[in-house]
Amino acid sequence: MSGASGTPYAASVLRALLDTGESVDLVVSRASRLTLLDETGISFRDAHWQDDLREWLARGADGKPGGFDIGAGIERVRYWAAGDLAAGPSSGSYPVKGMLIVPASTACVAGVALGLSKDLLQRAASVTLKEGRKLVVAVRETPLNGQTLRHLVTLDDAGATVVPASPAFYAGATHIQDLVDFVAGRVLDAAGVEHRLYRRWKGELGGGTHTT
Ligand SMILES: Cc1cc2nc3c(=O)[nH]c(=O)nc-3n(C[C@H](O)[C@H](O)[C@H](O)COP(=O)(O)O)c2cc1C
(Lines give C-alpha, C1' and ligand atoms only; values in the text may rest on other atoms or scores of the structure.)
Protein backbone atom coordinates (compact mmCIF):
# COMPACT_ATOMS: atom_id res chain seq x y z
CA MET A 1 0.00 0.00 0.00
CA SER A 2 1.33 3.43 -0.90
CA GLY A 3 0.07 6.80 0.24
CA ALA A 4 -2.70 7.54 -2.24
CA SER A 5 -6.28 7.88 -1.14
CA GLY A 6 -8.15 4.59 -1.46
CA THR A 7 -7.40 2.47 1.60
CA PRO A 8 -10.82 0.76 1.21
CA TYR A 9 -9.56 -0.69 -2.10
CA ALA A 10 -6.64 -2.26 -0.26
CA ALA A 11 -8.93 -3.64 2.45
CA SER A 12 -11.18 -5.24 -0.17
CA VAL A 13 -8.24 -6.80 -2.04
CA LEU A 14 -6.72 -8.10 1.19
CA ARG A 15 -9.97 -9.67 2.37
CA ALA A 16 -10.53 -11.34 -1.00
CA LEU A 17 -6.97 -12.72 -1.11
CA LEU A 18 -7.33 -14.16 2.38
CA ASP A 19 -10.76 -15.55 1.45
CA THR A 20 -9.21 -17.53 -1.39
CA GLY A 21 -6.61 -18.99 0.97
CA GLU A 22 -3.69 -16.93 -0.34
CA SER A 23 -0.86 -15.79 1.92
CA VAL A 24 -0.04 -12.10 1.79
CA ASP A 25 3.15 -10.17 2.44
CA LEU A 26 1.94 -6.73 3.49
CA VAL A 27 3.96 -3.52 3.15
CA VAL A 28 2.42 -0.20 4.20
CA SER A 29 4.41 2.87 3.14
CA ARG A 30 4.96 5.68 5.64
CA ALA A 31 2.64 7.96 3.68
CA SER A 32 0.03 5.21 3.57
CA ARG A 33 -0.21 5.34 7.34
CA LEU A 34 -1.36 8.93 6.95
CA THR A 35 -4.09 8.02 4.48
CA LEU A 36 -5.12 5.13 6.73
CA LEU A 37 -5.35 7.52 9.66
CA ASP A 38 -7.27 10.03 7.57
CA GLU A 39 -9.66 7.54 6.00
CA THR A 40 -10.18 5.14 8.91
CA GLY A 41 -9.00 6.86 12.08
CA ILE A 42 -6.68 3.90 12.66
CA SER A 43 -3.13 4.75 13.69
CA PHE A 44 -1.31 1.88 11.99
CA ARG A 45 1.96 0.96 13.74
CA ASP A 46 4.55 -1.76 13.17
CA ALA A 47 4.38 -2.71 16.86
CA HIS A 48 0.66 -3.60 16.79
CA TRP A 49 0.06 -4.17 13.10
CA GLN A 50 -2.00 -7.34 13.63
CA ASP A 51 -4.56 -5.64 15.91
CA ASP A 52 -4.68 -2.59 13.61
CA LEU A 53 -5.13 -4.79 10.54
CA ARG A 54 -7.89 -6.83 12.15
CA GLU A 55 -9.77 -3.68 13.15
CA TRP A 56 -9.32 -2.15 9.70
CA LEU A 57 -10.36 -5.20 7.68
CA ALA A 58 -13.50 -5.61 9.77
CA ARG A 59 -14.75 -2.26 8.52
CA GLY A 60 -16.55 -1.40 5.33
CA ALA A 61 -15.74 1.44 2.96
CA ASP A 62 -17.94 3.75 5.06
CA GLY A 63 -15.75 3.11 8.12
CA LYS A 64 -18.51 1.19 9.92
CA PRO A 65 -18.42 -2.51 10.88
CA GLY A 66 -18.82 -4.27 7.54
CA GLY A 67 -19.86 -7.71 8.76
CA PHE A 68 -16.68 -9.20 7.30
CA ASP A 69 -15.39 -12.38 8.88
CA ILE A 70 -11.60 -12.16 8.78
CA GLY A 71 -11.22 -15.11 11.16
CA ALA A 72 -7.95 -17.02 11.04
CA GLY A 73 -7.12 -15.60 7.61
CA ILE A 74 -5.10 -12.91 9.30
CA GLU A 75 -2.57 -15.58 10.32
CA ARG A 76 -1.63 -15.77 6.62
CA VAL A 77 -0.51 -12.14 6.55
CA ARG A 78 3.18 -11.48 6.99
CA TYR A 79 3.84 -7.85 7.73
CA TRP A 80 7.06 -6.09 6.76
CA ALA A 81 8.09 -2.61 7.89
CA ALA A 82 8.39 -0.28 4.91
CA GLY A 83 11.87 0.81 6.00
CA ASP A 84 13.14 -2.76 6.25
CA LEU A 85 15.20 -3.08 3.09
CA ALA A 86 16.55 -6.45 4.27
CA ALA A 87 13.01 -7.92 4.36
CA GLY A 88 12.14 -11.01 2.35
CA PRO A 89 10.34 -9.23 -0.54
CA SER A 90 13.47 -7.12 -1.22
CA SER A 91 15.08 -10.18 -2.80
CA GLY A 92 14.18 -11.99 -6.01
CA SER A 93 14.85 -15.31 -4.29
CA TYR A 94 11.95 -14.72 -1.87
CA PRO A 95 9.09 -16.90 -3.11
CA VAL A 96 6.11 -14.79 -4.20
CA LYS A 97 3.70 -15.01 -7.13
CA GLY A 98 3.48 -11.28 -7.76
CA MET A 99 2.74 -7.92 -6.26
CA LEU A 100 -0.27 -5.62 -6.11
CA ILE A 101 0.21 -1.94 -5.27
CA VAL A 102 -3.18 -0.83 -3.97
CA PRO A 103 -3.58 2.08 -3.89
CA ALA A 104 -0.60 3.42 -5.87
CA SER A 105 0.38 7.08 -5.41
CA THR A 106 1.91 9.01 -8.27
CA ALA A 107 5.08 9.23 -6.15
CA CYS A 108 5.17 5.44 -5.93
CA VAL A 109 4.46 5.13 -9.66
CA ALA A 110 7.40 7.47 -10.32
CA GLY A 111 9.67 5.63 -7.92
CA VAL A 112 8.94 2.24 -9.47
CA ALA A 113 9.14 3.56 -13.04
CA LEU A 114 12.55 5.08 -12.28
CA GLY A 115 13.72 2.12 -10.20
CA LEU A 116 14.41 4.28 -7.15
CA SER A 117 13.79 1.57 -4.50
CA LYS A 118 13.53 4.27 -1.83
CA ASP A 119 11.68 1.93 0.53
CA LEU A 120 10.67 -1.73 0.71
CA LEU A 121 7.52 -1.12 -1.33
CA GLN A 122 9.43 0.33 -4.28
CA ARG A 123 12.26 -2.18 -3.96
CA ALA A 124 9.82 -5.11 -3.95
CA ALA A 125 8.11 -3.67 -7.05
CA SER A 126 11.45 -3.39 -8.88
CA VAL A 127 12.26 -6.96 -7.86
CA THR A 128 8.85 -8.13 -9.11
CA LEU A 129 9.57 -6.60 -12.53
CA LYS A 130 13.12 -7.89 -12.78
CA GLU A 131 11.92 -11.39 -11.93
CA GLY A 132 9.25 -11.18 -14.60
CA ARG A 133 6.44 -11.61 -12.06
CA LYS A 134 3.04 -10.00 -12.15
CA LEU A 135 2.93 -6.39 -10.93
CA VAL A 136 -0.46 -4.68 -10.73
CA VAL A 137 -0.51 -0.94 -10.07
CA ALA A 138 -3.83 0.55 -8.95
CA VAL A 139 -3.00 4.20 -9.45
CA ARG A 140 -5.23 6.78 -7.74
CA GLU A 141 -4.92 10.39 -8.71
CA THR A 142 -6.90 12.81 -10.80
CA PRO A 143 -6.18 14.61 -13.03
CA LEU A 144 -2.95 12.96 -14.15
CA ASN A 145 -0.08 15.09 -15.37
CA GLY A 146 2.13 14.18 -18.33
CA GLN A 147 4.92 13.05 -16.05
CA THR A 148 2.74 10.46 -14.34
CA LEU A 149 1.28 9.36 -17.67
CA ARG A 150 4.81 8.77 -18.98
CA HIS A 151 5.70 6.84 -15.83
CA LEU A 152 2.61 4.68 -16.30
CA VAL A 153 3.65 3.93 -19.90
CA THR A 154 7.10 2.97 -18.59
CA LEU A 155 5.49 0.56 -16.13
CA ASP A 156 3.26 -0.91 -18.82
CA ASP A 157 6.30 -1.35 -21.09
CA ALA A 158 8.10 -3.08 -18.23
CA GLY A 159 5.30 -5.64 -17.97
CA ALA A 160 3.19 -4.18 -15.18
CA THR A 161 -0.59 -3.93 -15.47
CA VAL A 162 -1.92 -0.47 -14.69
CA VAL A 163 -5.42 -0.62 -13.19
CA PRO A 164 -6.70 2.90 -12.53
CA ALA A 165 -8.84 3.05 -9.41
CA SER A 166 -11.89 4.09 -11.41
CA PRO A 167 -15.10 2.24 -10.55
CA ALA A 168 -17.65 1.45 -13.25
CA PHE A 169 -21.39 1.81 -12.79
CA TYR A 170 -22.69 -1.05 -14.92
CA ALA A 171 -22.37 -3.65 -12.18
CA GLY A 172 -25.44 -2.49 -10.22
CA ALA A 173 -23.69 -0.73 -7.36
CA THR A 174 -25.96 0.46 -4.58
CA HIS A 175 -23.36 1.17 -1.90
CA ILE A 176 -19.87 2.68 -1.76
CA GLN A 177 -18.59 -0.78 -0.90
CA ASP A 178 -19.86 -2.08 -4.27
CA LEU A 179 -17.83 0.56 -6.11
CA VAL A 180 -14.78 -0.24 -4.01
CA ASP A 181 -15.21 -3.97 -4.62
CA PHE A 182 -15.45 -3.38 -8.36
CA VAL A 183 -12.00 -1.77 -8.44
CA ALA A 184 -10.59 -4.40 -6.08
CA GLY A 185 -12.07 -7.10 -8.31
CA ARG A 186 -10.46 -5.64 -11.43
CA VAL A 187 -7.11 -5.60 -9.59
CA LEU A 188 -7.55 -9.28 -8.76
CA ASP A 189 -8.65 -10.02 -12.35
CA ALA A 190 -5.38 -8.49 -13.54
CA ALA A 191 -3.51 -10.72 -11.11
CA GLY A 192 -5.42 -13.84 -12.15
CA VAL A 193 -6.97 -14.34 -8.70
CA GLU A 194 -10.51 -15.70 -8.51
CA HIS A 195 -13.04 -13.69 -6.55
CA ARG A 196 -16.72 -12.81 -6.30
CA LEU A 197 -16.34 -9.10 -5.64
CA TYR A 198 -18.49 -7.73 -8.47
CA ARG A 199 -21.09 -8.80 -10.97
CA ARG A 200 -19.55 -9.28 -14.40
CA TRP A 201 -20.89 -7.72 -17.57
CA LYS A 202 -23.10 -10.25 -19.34
CA GLY A 203 -23.76 -8.37 -22.56
CA GLU A 204 -27.25 -7.17 -21.63
CA LEU A 205 -27.93 -3.47 -21.34
CA GLY A 206 -29.90 -2.60 -18.23
CA GLY A 207 -28.69 -5.67 -16.36
CA GLY A 208 -27.18 -3.47 -13.69
CA THR A 209 -30.27 -1.45 -12.82
CA HIS A 210 -32.12 -2.13 -9.61
CA THR A 211 -35.79 -1.54 -8.92
CA THR A 212 -35.59 -1.87 -5.13
C1 LIG B 1 -4.75 12.28 2.99
C2 LIG B 1 -3.83 12.16 1.82
C3 LIG B 1 -4.33 11.74 0.61
C4 LIG B 1 -3.50 11.61 -0.50
N5 LIG B 1 -4.03 11.15 -1.66
C6 LIG B 1 -3.21 10.96 -2.72
C7 LIG B 1 -3.74 10.41 -3.92
O8 LIG B 1 -4.92 10.10 -4.05
N9 LIG B 1 -2.88 10.16 -4.94
C10 LIG B 1 -1.54 10.45 -4.84
O11 LIG B 1 -0.81 10.19 -5.81
N12 LIG B 1 -1.02 10.99 -3.73
C13 LIG B 1 -1.81 11.25 -2.66
N14 LIG B 1 -1.28 11.78 -1.50
C15 LIG B 1 0.14 12.18 -1.47
C16 LIG B 1 1.08 11.00 -1.17
O17 LIG B 1 0.78 10.46 0.09
C18 LIG B 1 2.53 11.53 -1.20
O19 LIG B 1 2.90 11.85 -2.54
C20 LIG B 1 3.51 10.54 -0.64
O21 LIG B 1 4.81 11.05 -0.83
C22 LIG B 1 3.43 9.16 -1.29
O23 LIG B 1 4.45 8.37 -0.73
P24 LIG B 1 4.52 6.80 -1.00
O25 LIG B 1 4.35 6.58 -2.45
O26 LIG B 1 5.89 6.43 -0.51
O27 LIG B 1 3.48 6.14 -0.18
C28 LIG B 1 -2.11 11.92 -0.38
C29 LIG B 1 -1.61 12.35 0.85
C30 LIG B 1 -2.46 12.46 1.94
C31 LIG B 1 -1.89 12.91 3.26
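Placed above this text is the structure.
Let us look at the structure shown here. (Residues numbered from 1 in each chain as written. Predicted model: local features only at pLDDT ≥ 70, side-chain atom pairs only at ≥ 80, totals over all residues. Heavy atoms only, no water.)

**Re the sheet that holds strand 3 (residues 98-104)**
Piece 1. Pairing is parallel across the open sheet formed by 3 strands, whose spatial order is 3-4-5. Here the strands that pair on one side only, and so sit at the sheet edges, are strand 3 and strand 5 (161-162).
Piece 2. Bridge count for strand 3 against strand 4 (residues 134-139) is 5 bridges, and the pairing is parallel. The residue bridging Met 99 from the neighbouring strand is Leu 135, located in strand 4. (Pairing = 2+ DSSP bridges. Helix = DSSP H or I, 4+ residues; strand = E, 2+ residues; numbered from the N terminus.)

**A look at the nonpolar core**
Piece 1. Among the nonpolar cores identified, the biggest contains 35 residues, and Leu 26, Phe 44, Leu 53, Trp 56 and Leu 57 are the most heavily contacted of them.
Piece 2. Of all the secondary structure elements, the ones that give two or more residues to this core are helix 1 (7-19), strand 1 (24-28), helix 3 (49-57), strand 2 (77-81), strand 4 and helix 7 (176-191).
Piece 3. Counting residues per element, this core draws most heavily on helix 1, at 8 residues.
Piece 4. Those residues within four positions of Leu 57 in sequence are excluded, and the remaining contacts are Ala 11, Leu 14, Arg 15, Leu 18, Phe 68 and Ile 70.
Piece 5. Counting residues in each nonpolar core, the second largest holds 23 residues, with Ala 104, Val 109, Ala 124 and Val 139 among its members. (Core = buried A, V, L, I, M, F, W, Y, C linked by side-chain atoms within 4.5 Å. Buried < 20%, exposed > 50% of the residue type's maximum accessible area, 1.4 Å probe, protein only. Contact = heavy atoms within 4.5 Å.)

**Some remarks on the side chain of Ser 90**
Piece 1. As for its placement among the helices and strands, Ser 90 is situated in the loop between strand 2 and strand 3.
Piece 2. Judged by its relative accessible area of 9%, Ser 90 is buried.
Piece 3. Of the polar contacts made by the side chain of Ser 90, one reaches the backbone oxygen of Ala 87; its length is 2.6 Å. (Polar contact = N/O pair within 3.5 Å; in protein donor to acceptor, adjacent residues only side chain to side chain.)

**Side note on a nonpolar patch on the surface**
Piece 1. Residues Tyr 170, Trp 201 and Leu 205 make up a contiguous nonpolar surface patch of roughly 390 Å² in combined accessible area.
Piece 2. Along the chain, Leu 205 falls in the segment after helix 7.
Piece 3. Overall, the relative accessible area of 81% leaves Leu 205 in the exposed class. (Patch = residues over 30% accessible without salt bridge, like charges linked within 9 Å, V, L, I, M, F, W, Y side chains within 5 Å. Areas by Shrake-Rupley, 256 points an atom, 1.4 Å probe, with all protein chains shown as cover. Salt bridge = Lys/Arg side-chain N within 4 Å of Asp/Glu carboxyl O.)

**Some details on helix 3**
Piece 1. Those residues of helix 3 that sit buried are Trp 49, Asp 52, Leu 53, Trp 56 and Leu 57. Viewed along the axis of helix 3, the buried residues span an arc of 120°, placing them on a single side of the element.
Piece 2. Tucked into the core, helix 3 has its buried residues touching helix 1, strand 1, helix 2 (30-40) and strand 2. (Arc of directions from axis to C-beta.)

**Concerning the packing of aromatic side chains**
Piece 1. Evaluated as defined, the whole model comprises 6 aromatic pairs.
Piece 2. Relative to Tyr 94, the ring of Trp 80 has its centre 6.0 Å away and its plane inclined at 90°; by these criteria the two rings are edge-to-face. With Trp 80 in strand 2 and Tyr 94 in the loop between strand 2 and strand 3, this residue pair connects regions lying 14 residues apart in the sequence.
Piece 3. Members of the aromatic cluster, joined through ring pairs, are Tyr 170, Phe 182, Tyr 198 and Trp 201.
Piece 4. Over the aromatic face of Phe 68 sits the side chain of Arg 15, whose NZ or CZ is 3.6 Å from the ring centroid. (Phe/Tyr/Trp six-rings, centres within 6.5 Å; stacked < 30°, edge-to-face > 60°. Lys NZ or Arg CZ within 6 Å of the ring centre and 35° of its normal.)

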